[in-house]
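# Tertiary structure, described
Residue-level listing of the chains:
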Amino acid sequence: MTLAEDNGPERGGDDLFAAEYVLGVLAADERQIASRRIDADAAFARLVDAWEVHLSPMAAAYPEAEPPIRVKEATDRRLFAAQSRGGLWSSLAFWRGLAAAAVAALAIYIAVPYVRPTVEQPQERLVASLAADGSDVKYLVVYDAARRDVGLSLVSGGRAAGKDFELWMIEGKNAPVSMGIIPAGQTTHLAVTPAVQQKLAQGAVLAVSVEPTGGSPTGQPTGPVVAAGDLKGI
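None of these values were measured; they are calculated from a predicted model.

Looking now at the overall build of the chain. For the chain, the helix and strand inventory stands at 7 helices and 9 strands. Going through the 234 residues of the chain one by one, you find that 39% of them count as buried. Considering only residue pairs separated by 6 or more positions, the chain has 58% of its internal contacts joining residues 24 or more positions apart. With the model as given, the accessible surface of the chain reaches about 12400 Å², and the carbon-plus-sulfur share is 57%.

Take a look at the structure:
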């Protein structure tokens, strides 16, 4: 048994592992581990169920949209390719694949209600898992370029009295750019300015620092960075 199977990824443990599984940000090998644990570990399966419910408010601000037909066609090819090999209805691999596809579809419904229309266009949804060694503060982030909105879901941790969490964008070696104070609450949203939006589209790191109430007095992080992570396309 690997460390990921025993305790989830080193960066967060089972709770964050389950949340990242629902959000769809795990690497392929970690997603396979999570899928096996859902089947074998009732406690972990309950965590996944809880995160599906917890993350659903992040999609409330986004309208539903019909995915392109090519998405269904690709799904059909993957699900029903086994039919040509015979024994589809008795195939354990088929049913496991179908269950995994259903979970993936639910995660996409929660975090990514629609798919970008063409490959050539910039990705409209980016996600990030923010965490740091030695810190219990963990956030899951969904950036919606079309709506200029960042949705944040607090996985764990909290701010001390007289302190605020501030979200920063770090682009390469440039100075961090504040994206605003993170409102208190399990699920929150921040508006993104056009200038920051252009930089996010090119790839950036998001970070959370501890600041005095009201935010950094200097325009740069003054307190410790308690969580950080890369924005990634879905």
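What follows covers unusual backbone geometry. Across the chain, the bulk of peptide bonds are trans and the bulk of non-glycine residues have phi less than zero. Non-glycine residue R148 carries a positive phi angle of around 50°. By secondary structure assignment, the location of R148 is in the loop between β2 (138-144) and β3 (149-156).

So, about the sheet that holds strand β1 (residues 125-130). A sheet is described by the order of its strands in space; here 5 strands give the open sequence β6-β3-β2-β1-β9, paired in antiparallel fashion. Edge positions in the sheet fall to β6 (187-191) and β9 (232-233), since each has one partner strand and no second. Relative to β2, β1 runs antiparallel, the two being bridged by 6 bridges. Looking at the pairing, A128 lines up with V141 of β2. Packing of helix α2 (residues 14-23) onto the sheet brings it into contact with β1, β2 and β3, and relative to β2 it is tilted by some 15°. Here helix α4 (residues 42-55) sits on the sheet and contacts β2, β3 and β6; the angle it forms with β3, its principal contact strand, is near 145°.

Let us look at the sheet that holds strand β5 (residues 177-181). In spatial order, the strands read β5-β4-β7-β8; together these 4 strands make up an open sheet with antiparallel pairing. Edge strands, defined here as strands with exactly one partner in the open sheet, are β5 and β8 (225-230). Pairs of neighbouring strands in the sheet enclose a mean axial angle of 25°, with direction left out of account. Pairing between strand β7 (residues 205-212) and β8: 5 bridges, direction antiparallel. Bridging across to β8, V208 finds its partner in A227. Seen against the sheet, helix α7 (residues 194-201) touches β4 (163-170), β5 and β7 and runs at an angle of roughly 115° to β5.

The end-to-end C-alpha distance of α4, which contains 14 residues, comes to 20 Å, matching closely the 20 Å that a straight helix rising 1.5 Å per residue would cover. Where α4 is concerned, the buried positions are F44, A45, V48, W51, E52 and L55. In a view along the axis of α4, the buried residues occupy a sector of 120°, so they form one face of it. What points out from α4, more than 90 degrees from its buried face, is the exposed set R46 and V53. Residue D41 occupies the N-cap position of α4, its side-chain oxygen lying 3.1 Å from the main-chain nitrogen of A43.

This next bit is on the packing of α2 against helix α3 (residues 28-40). At a minimum axis separation of 10 Å, α2 and α3 run at an interaxial angle of 105°. With respect to their mutual orientation, α2 and α3 come out roughly perpendicular. For the pair α2 and α3, the contacting residues are D14, F17 and Y21 in the first and E30, R31, I33, A34, S35, R37 and I38 in the second.

All of the buried residues along α7 are V196, Q197 and L200. Down the axis, α7 shows its buried residues gathered within 105° of arc, on one side only. In this structure, α7 carries Q198 and A201 as exposed residues pointing more than 90 degrees from its buried face. Looking one or two places after α7, you find G203, whose phi comes out positive at around 100°.

Along the chain, V127 falls in strand β1. Its relative accessible area of 3% is what places V127 among the buried residues. Remark: the alpha-carbon pair of V127 and L152, spanning 25 residues in sequence, is separated by 9.9 Å.

Residues L130, Y139, L167, M179, L200, L206 and V208 are the most contacted members of the largest nonpolar core, which totals 27 residues. With sequence-adjacent residues up to four places away left out, L130 is seen in contact with V137, K138, Y139, V141, L167, L206, V208, A227, A228 and G229. Of all hydrophobic cores here, the second largest spans 20 residues; its members include A19, L23, A34 and A131.

Cut-offs applied
- Residue numbers here run from 1 along each chain, matching the order of that chain's written sequence.
- This being a predicted model, a pLDDT of at least 70 is required before a residue's local features are given, and a value of 80 or more before pairs of side-chain atoms are given or counted; all residues contribute to the totals for chains, interfaces and linings.
- Computation of side-chain values: all heavy atoms of the structure, hydrogens and water removed.
- Labels follow the DSSP assignment, with helices taken as runs of H or I lasting at least four residues and strands as runs of E lasting at least two, numbered in each case from the N terminus.
- Each residue is placed in one exposure class: buried if its accessible area under a 1.4 Å probe, protein chains only, is under 20% of its type's maximum, exposed if it is over 50%, and partly exposed if it falls in between.
- Here, two residues are considered to be in contact whenever any of their heavy atoms come within 4.5 Å of each other.
- Surface accessibility follows the Shrake-Rupley procedure with a 1.4 Å probe radius. Residue values consider only the protein chains on display as shielding.
- A pair of strands is considered paired only if DSSP assigns at least 2 bridges between the two.
- Axis geometry follows a simple rule: fit a line to the C-alpha atoms, using only the stretch in contact for helices, then measure angles between N-to-C directions, giving values from 0 to 180 degrees.
- The span one expects for a helix is its residue count, reduced by one, times 1.5 Å.
- As used here, the arc is the angular range of directions from the helix axis to the C-beta atoms.
- In protein, a polar contact means a hydrogen-donor-capable atom and an acceptor-capable atom, both N or O and within 3.5 Å, with residues adjacent in sequence counting only if both atoms are side-chain atoms; elsewhere, any N or O pair within 3.5 Å suffices.
- The labels follow the angle: roughly parallel below 35 degrees, roughly antiparallel above 145, roughly perpendicular from 65 to 115, and oblique for the rest.
- Definition of nonpolar core: a set of buried residues of the types Ala, Val, Leu, Ile, Met, Phe, Trp, Tyr and Cys, connected through side-chain atoms within 4.5 Å.

Just distances and angles here, no functional claims.
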